[in-house]
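These are the residues of each chain, in order.
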Amino acid sequence: MTFAITQNCCTDAACVAVCPVNCIHPTPGERDFGTTETLYIDPGACIDCGACADACPVDAVHPVAELTPAQQPYAGINAAYFEGTGQPASGAGAGVDHGPNFHAWGAPSFDRVLPSDFAPLRVAIVGTGPAGMYAAEDLLLHTRSEVTLVDRLPAPGGLIRYGVAPDHPATKRIGETFARFHTHPRVRLHLGLDVGTHITADELAAHHDAVIYAVGAASDRRLGIPGEDLPGSIAATTFVAWYNAHPEVAPDAVDLSSDRVVVVGNGNVALDVARILVSDPDSLAGTAIARHALEELRRSKVREVVLLGRRGPEHAACTGTELLALKNLPGVDLVVDDHDARIGTAIDAAGAAGAAHKAGLFQDVPREAVDWSAPPRTAGGRRRIVFRFHSEPLALHGDGHLRAVRVTSGAGEAGEREIPAGLALRAIGYRGVPQAGLPFDEESGTVPHEGGRVTGRPGTYVVGWIKRGPSGGIGTNRRCAAETVGTLLADAVAGRLPAPTGEARAFRRLARRRR
């Protein structure tokens, strides 16, 4: 019996570190690490020891023999990765004897060693999401640093707390791994403290040897089309924050009195909001969903969610694992709007590729030419999600409130199409915002840096989405944080960090007074 990695994979690579036969790929030392949708277990090399399942922080690793019917395809997804990537068919690697005690070990690396007489550093980390906590973990486990965690929100967690859908409790569970550092004896946690409002960047820097900004991407990308600011048109990031009880989003920010919702985009966030909109509220009642959101969902009149994608099904922005999970949602039908001949051609061409090709996942999804002039076609209390590919929004129409979304037509349609809807959510990506006292690149929405070192500001560093842009999953931040912390420590050893002028106790008094 072998193991398989399923939907919730965070690519943290904790499983890689404990595997005795090196059968989980890509590893942090391989080129594809951080770019694949999940990690994968080689069924030909797995020895069924279960170490990976024990180490997984999000409960994504399961024995193949115990997979539920909905999870069964993940066994094929794991196997397919090794058929098409040239990865070794055995955990021992090329040229090395096979077996549980033989690894192709690389040269040892000691990139976190500091001189024995080096004084502990005082490092402030702004943001308590995955990027910030991976940086804190690195500093606490490999150095004697004292860490000050600062977050403008009243609860820690960042995107884990306020960005992960409530029906993904296993993914949220990685927050428990990070939370153990909140009470570490060398950590001081300051919540509800905003850098730029309560204290300045200079004041924070004056009390620490170094400051790491892990503030993520707090805004969203705009469509830039007429009517985008109509009531009834909101960012998917706002909707996600709403159902996760973000303190900066009002409980009445979302109105679900329309029978159809249009979501612009088909990435994972788009799938998240579509899934929440059509899920049975009773199935969400036992999750961490906000009470006001659950009450609104119980009153909801939404029967259909339309996902707009400007390209074809083979280029859907969501991961295959999330799409696969959506197909097993109880009481929900999936439909592909067959308005363009290219859509069916791409799905049929994927054919035997199946799970290895994203378009192949739509092969068993019904296709129909949707009549947008008619109300949503649902029966028996069921709801549905319609994928409309090769179509993008041109304008949002309405007299005081959103009434319809005008979209481009496909090869099988004449002229533009108008899709009646009372709510439109733009889910086309997150975007970083300027940070007080730091340089900012408006085009990329990031802080300019070199290996995490902020350009022109000694002792200041960035990590996560504000550093590299809104890309990569939770585990991608581990490698990102390792680079930033490595740069910071190299600067410390080289004497390039400005000496703090204030004491740690003085900063705690300042924080209490300003907050």
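Residues numbered from 1 in each chain as written. Predicted model: local features only at pLDDT ≥ 70, side-chain atom pairs only at ≥ 80, totals over all residues. Heavy atoms only, no water.

### Quick word on helix H10 (residues 268–278)
Residue pairs spaced three or four apart in an α-helix point in one direction, given the helix's 3.6 residues per turn.
Stage number 1. The element H10 is extensively covered by neighbouring structure, given that 9 of its 11 residues are classed as buried.
Stage number 2. Turning to H10, its buried residues are Ala270, Leu271, Asp272, Val273, Ala274, Arg275, Ile276, Leu277 and Val278. (Buried < 20%, exposed > 50% of the residue type's maximum accessible area, 1.4 Å probe, protein only. Helix = DSSP H or I, 4+ residues; strand = E, 2+ residues; numbered from the N terminus.)

### A look at the side chain of Thr321
Stage number 1. Secondary-structure assignment places Thr321 in helix H13 (residues 320–326).
Stage number 2. Among the polar contacts made by the side chain of Thr321, one reaches the side chain of Thr319 at a distance of 3.2 Å.
Stage number 3. Beyond its immediate chain neighbours, meaning those up to four positions away, Thr321 contacts Gln7, Glu37, Thr38 and Tyr74. (Polar contact = N/O pair within 3.5 Å; in protein donor to acceptor, adjacent residues only side chain to side chain. Contact = heavy atoms within 4.5 Å.)

### Section: the confidence of the model for the protein
Stage number 1. Mean pLDDT over the protein: 90, with 93% of residues reaching 70 or higher.
Stage number 2. Of the regions scoring below 50 in pLDDT, residues 89–100 engages in 24 contacts with residues more than four places distant in sequence or in other chains. (pLDDT = per-residue confidence, 0-100.)

### Remarks on the state of the cysteines
Stage number 1. Using the criterion set out here, one finds 0 disulfides in the structure.
Stage number 2. Here Cys480 is not disulfide-linked; the sulfur of Cys10 is the nearest cysteine sulfur, at 15 Å. (Disulfide = S-S within 2.5 Å.)

### Digging into the sheet that holds strand E17 (residues 404–407)
The strands making up a sheet associate through backbone hydrogen bonding, with each pair oriented either parallel or antiparallel.
Stage number 1. Taken together, the 3 strands give an open sheet; going across it, the order is E16-E17-E18, and neighbouring strands pair in antiparallel fashion. A single partner strand is all that each edge strand has here, and the edge strands are strand E16 (393–397) and strand E18 (417–420). The mean inter-strand angle of the sheet, taken between neighbouring strand axes irrespective of direction, is 25 degrees.
Stage number 2. With 4 bridges joining them, E17 and E18 adopt antiparallel strand pairing. From the neighbouring strand, Val407 faces E18, where its bridge partner is Arg417. (Pairing = 2+ DSSP bridges. Axes fitted to C-alpha atoms, helices over the stretch in contact; angles between N-to-C directions.)

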